[in-house]
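# Structural overview
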Amino acid sequence: MDRTAVEELYDERIDWRFKGMPGESFGRTVGEFLAGRPKLFEAGFVGPLLVLDHDALEHNLRTMSEWCAQQGVLLAPHGKTTMAPQLFRRQLDHGCRAITAANLSQLRVYRAFGVSRVLLANQLVDPNGLAWLAAELERDPEFSFSCWVDSVQGVRAMTEALAPCALSRPVDVLVELGGEHGRTGARDPRQALEVAQAVADSPVLRLTGVGGYEGAMSHDLSERDVSTVDTYMARLRELVGALAEAGHFRGLDEVIVTAGGSSYFDQVTEALTAPWPTELPVVPVLRSGAYVTHDDGLYRTMSPFGRKHRLSGEERPFRPAMRVWSQVTSRPEPELALLTMGRRDVSFDQELPEPRIHRDRRGNTRELAEGRITSLADQHAFLSLPADSTIEVGDWIASGLSHPCTVLDKWTLIPVVAGDEVVDLIRTFF
């Protein structure tokens, strides 16, 4: 990764574009502002404000890194969760093999910051995008890239777009295995073998493995859904064997086999690290991304580290690193308070925010035992309270959040706090 490009983020000047930032910071660089060791409630931040907890971030990075090493699986986390080069750098420093992207625009962000190994967990058939990719591969011999293919038609589209580009090396692709009622991916081994043969016939593509996503088939922890993941992973392994038997991996130093979101990565790892034929140089790769921030909703329930699971060794749960501070702007009824955060600020596609901490106007803080958020408007949260609650207009509430992928995209400069000190500002590029 281009660490100079990451460090240059600290030369960016703070201004009105970054919501929540103190007015006194405008015109100063990020580095200059941080050098003053600002305090969250003394520096002039305005609500609503998303913050990340430094210690939780570091714990999550370390926990996932150590677990992957113990299990013998590599990690190429999905960068779409944060789209934050500063966090990519920390993930790579903790041993991640690559960063995963979902589309070309994300890939361009990664390349702007010198990410040298990228897995595009999607098909890429756009001629303009492929022309850009070809130029980028030629510009940088150290750039390692691979993407999905799941149809003969898609392989032909890639070949037609890349043929005029005079590539000095082929574009690596992985056959994607899907499932009934899932998203993309070949639906059966016959179709997958046809796709692999089309890749073999292409002068500009090279087949280097198999990819998939079990989360497209399962969405909860019922016995049926857990069994569906195991069945899918068994099919993925069978496909790798069939492709190897057909000679499609002959001569490769590595055969990438990759799956794994943030909900079933224990089951995925169990399948990916089970014994493979000795002659098959399989490299097992997870793509889990939400572990960095974790959450107080979806992944608190779904993550293997947040529930009883089949992981060996000591259980070390991830910690939620996201909080949004918002102010009580109105208490128009005894059992209702309105907060200054809404759909424009927090996620709501999975679960609503959960009020966690109350800070009164005098700076006293307590864990919030009462109250729940019942709904969100564009700029307001409806907080249901008991009539005798001491929460008043002007107080602050810190809320835990669910599903980081739809929180972080709403913020472009995010304070990282250690206690009450702001120790970093994370820049995102959605």
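One can find the structure itself at the top, above this paragraph.
In what follows, the accompanying structure is described. Here the structure is a predicted model, which is why all the values come from computation and not from measurement. (Residues numbered from 1 in each chain as written. Predicted model: local features only at pLDDT ≥ 70, side-chain atom pairs only at ≥ 80, totals over all residues. Heavy atoms only, no water.)

## Some thoughts on empty space enclosed by the protein
Applying the stated criterion across every chain yields a total of one cavity of 30 Å³ or more. Of the volumes computed, that of the largest cavity is approximately 50 Å³. Lining the largest cavity, in full, are M64, S262, F265, S288, A290, Y291, H294, Y299, S303 and F318. Residue classes in the lining of the largest cavity are distributed as six nonpolar, four polar and no charged. (1 Å grid on protein atoms, 1.4 Å probe; cavity = no way out; pocket = protein on both sides within 12 Å on 5 of 7 lines; lining within 4 Å. Points joined across faces, edges and corners; volume = space filled by probe spheres on them. Nonpolar A, V, L, I, M, F, W, Y, C, P; charged D, E, K, R; others polar.)

## Structural notes on the layout of surface pockets
To locate leftover empty space, one rolls a probe as large as a water molecule over the atoms. By volume, the largest pocket amounts to about 790 Å³. As for the largest pocket, its lining consists of 36 residues, and the residues nearest its centre are K80, R183, Y213, G215 and Y299. Secondary-structure elements contributing two or more residues to the lining of the largest pocket are β4 (117–123), β6 (171–177) and α11 (298–302). Residue classes in the lining of the largest pocket are distributed as 14 nonpolar, 17 polar and five charged. (Helix = DSSP H or I, 4+ residues; strand = E, 2+ residues; numbered from the N terminus.)

## Points about the packing of helix α3 (residues 54–71) against helix α10 (residues 265–272)
At a minimum axis separation of 11 Å, α3 and α10 run at an interaxial angle of 30°. By the angle between their axes, α3 is roughly parallel relative to α10. With respect to the hand of their crossing, α3 and α10 are arranged in right-handed fashion. Seen from α3, the contacting residues are M64, W67 and Q71; seen from α10, they are F265, D266 and T269. Of the residues assigned to the contact of α3 with α10, the class counts are three nonpolar, two polar and one charged. (Axes fitted to C-alpha atoms, helices over the stretch in contact; angles between N-to-C directions. Parallel < 35°, antiparallel > 145°, perpendicular 65-115°, else oblique. Left-handed = near helix turned anticlockwise from the far one by under 90°. Contact = heavy atoms within 4.5 Å.)

## Observations concerning the nonpolar core
Membership of the largest hydrophobic core comes to 110 residues, with the highest contact counts inside it found for F145 and L286. When residues in this core are grouped by element, the largest group, seven residues, is from helix α9 (residues 223–245). Counting residues in hydrophobic clusters, the runner-up holds 19 residues, among them Y10, F18, L34 and L425. (Core = buried A, V, L, I, M, F, W, Y, C linked by side-chain atoms within 4.5 Å. Buried < 20%, exposed > 50% of the residue type's maximum accessible area, 1.4 Å probe, protein only.)

## Here we look at the packing of aromatic side chains
In this structure the tally under the stated criterion is twelve aromatic pairs. Their ring planes at 80° and their centres at 5.9 Å tell us that F33 and F45 sit as a pair that is edge-to-face. Placement of the pair is F33 in helix α2 (residues 30–35) and F45 in the loop between α2 and β1 (49–53), with a sequence separation of twelve residues. Looking at F33, the relative accessible area reads 4%, which means it is buried. Judged by centre distance (5.9 Å) and plane angle (75°), the rings of F41 and W396 are edge-to-face. With F41 in the loop between α2 and β1 and W396 in strand β16 (residues 396–400), this residue pair connects regions lying 355 residues apart in the sequence. When its relative accessible area of 30% is taken as the criterion, F41 is described as partly exposed. Site record: aromatic cluster; members linked through ring pairs are W67, F265, Y291, F305 and F318. Just above the ring of F143 sits the side chain of R111; from NZ or CZ to the centre is 3.9 Å. (Phe/Tyr/Trp six-rings, centres within 6.5 Å; stacked < 30°, edge-to-face > 60°. Lys NZ or Arg CZ within 6 Å of the ring centre and 35° of its normal.)

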